[in-house]
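# A structural walkthrough
Residues per chain, in single letters:
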Amino acid sequence: RNIIIGNRQFIKNAPAATVPKETANDNALKNEDGNNNSASKKEDEVPIVSNENCGTLEELMEELNELSGLQQVKNDLNSLINLLKVKKLREERGFPQSDISLHMVFSGNPGTGKTTVARLISKIYYRLGVLTKGHLVEVDRSGLVGGFVGQTAIKTKKVCDSAVGGLLFIDEAYSLSNGSPSDFGIEAINTILKAMEDNRNDFVVIAAGYPQLMDEFLESNPGLRSRFNKIIFFQDYAPQE
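Residues numbered from 1 in each chain as written. Predicted model: local features only at pLDDT ≥ 70, side-chain atom pairs only at ≥ 80, totals over all residues. Heavy atoms only, no water.

Taking 1.5 Å per residue, 13 residues should reach 18 Å; helix 5 (residues 151–163) reaches 19 Å between its end C-alpha atoms and fits that length. Taken as a whole, helix 5 has its buried residues at T152, T156, V159, C160, S162 and A163. Each buried residue of helix 5 sits inside an arc of 160° when the element is viewed along its axis, so together they form one side. Remark: G165 follows helix 5 within two positions and exhibits a positive phi of approximately 95°. (Helix = DSSP H or I, 4+ residues; strand = E, 2+ residues; numbered from the N terminus. Expected span 1.5 Å × (residues − 1). Buried < 20%, exposed > 50% of the residue type's maximum accessible area, 1.4 Å probe, protein only. Arc of directions from axis to C-beta.)

Structure (structure tokens):
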């Protein structure tokens, strides 16, 4: 006889209950390795902010210049942007021109607007035609450094590849260099430097962090100081600001 318990049917005196076959939904919950992982997130996905629908260059410059405080920051960036406009005109007319490094260090205490300005810069560079996509990728040490030997280079390269055509913003970049000489952060720095060299015409990196620690970061590798040759200091806000 058949015995029905709940929604399952068993055969009386059968040697063992048959395990129900996997349903299509069960298979959909399995990842590539065959492990059930429906509740977990894809940790390797790189968050990307698209700037395709950003405003015009004039609107973006107005937004930058209307930020509270940061007067020296705005002066430095306006000078750089004007230089890029002239460079673009010379390029269009076939005049000789010198290379300009667009990689920067944003040096300052937390809460001084470094991330906000970096997001604006990615949009401005896109509207200037300096970057082909203009998207923004924000990471910190956890997004670049792996947990075992060999993982960091792969992880960092994936992040850099995702940022080609746009801007890579590395928050608290000094954390990549303040460990021991064998720390995986050094491997991440070397991978980033190679990506900067391989994609020099369509890839911008902004490294941000505390002033003193960022100075130490630049001294940790001979290639950093030459590539990040523009340092913009973000002063603390005054009470009225």
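Having seen the model, we can carry on.
Time to look at the nonpolar core. Core analysis: the biggest nonpolar cluster contains 30 residues, and M104, F106 and Y125 have the highest contact counts within it. Listing elements by their share of this core, those giving two or more residues are helix 2 (57–65), helix 3 (71–92), strand 4 (104–108), helix 4 (114–128), strand 6 (167–170), strand 7 (204–209) and strand 8 (230–234). The element that contributes the greatest number of residues to this core is helix 4, accounting for 7 residues. The residues contacting M104, other than those within four sequence positions of it, are L77, L80, I121, Y125, V205, I206, A207, F228, K230 and I232. Among the nonpolar cores identified, the runner-up in size contains 27 residues, and C160, L176, A188 and L224 belong to it. (Core = buried A, V, L, I, M, F, W, Y, C linked by side-chain atoms within 4.5 Å. Contact = heavy atoms within 4.5 Å.)

Take the environment of T132 next. Here T132 is to be found in the loop between helix 4 and strand 5 (136–139). With relative accessibility at 53%, the residue T132 sits in the exposed group. Distance from T132 to F203, taken between C-alpha atoms, is 9.1 Å for residues 71 residues apart in sequence. Contacts of T132, omitting those with residues within four sequence positions, involve Y126, G165 and D202. A polar atom in the side chain of T132 sits 2.6 Å from the side chain of D202. (Polar contact = N/O pair within 3.5 Å; in protein donor to acceptor, adjacent residues only side chain to side chain.)

Attention now moves to the pattern of salt bridges. Under the defined criterion, the tally for this structure stands at 7 salt bridges. The salt bridge involving K194 is made with D198; its shortest N-O contact spans 2.7 Å. Within this pair, K194 and its partner D198 are both found in helix 6 (residues 184–198), separated by 4 residues, close to a single helical turn. Classification of K194 as exposed rests on a relative accessible area of 53%. Taking the shortest distance from any N to any O, the salt bridge between E219 and R225 comes out at 2.6 Å. (Salt bridge = Lys/Arg side-chain N within 4 Å of Asp/Glu carboxyl O.)

It is worth spelling out a negative patch on the surface at this point. Taken together, the side chains of E58, E59, E62, E63 and E66 make up a negatively charged region of the molecular surface. Relative to the helices and strands, E63 is located in helix 2. The class of E63 is partly exposed, set by a relative accessible area of 40%. (Patch = residues over 30% accessible without salt bridge, like charges linked within 9 Å, V, L, I, M, F, W, Y side chains within 5 Å. Areas by Shrake-Rupley, 256 points an atom, 1.4 Å probe, with all protein chains shown as cover. Lys, Arg positive; Asp, Glu negative; His and termini not counted. Charge placed at Lys NZ, Arg CZ, Asp CG, Glu CD.)

Here we come to the confidence of the model for the chain. In the predicted model, the chain carries a mean pLDDT of 81, and the fraction of residues at 70 or more is 78%. Taken together, the stretch residues 11–41 has pLDDT below 50 and engages in 16 contacts with residues farther than four places along the chain or on a different chain. (pLDDT = per-residue confidence, 0-100.)

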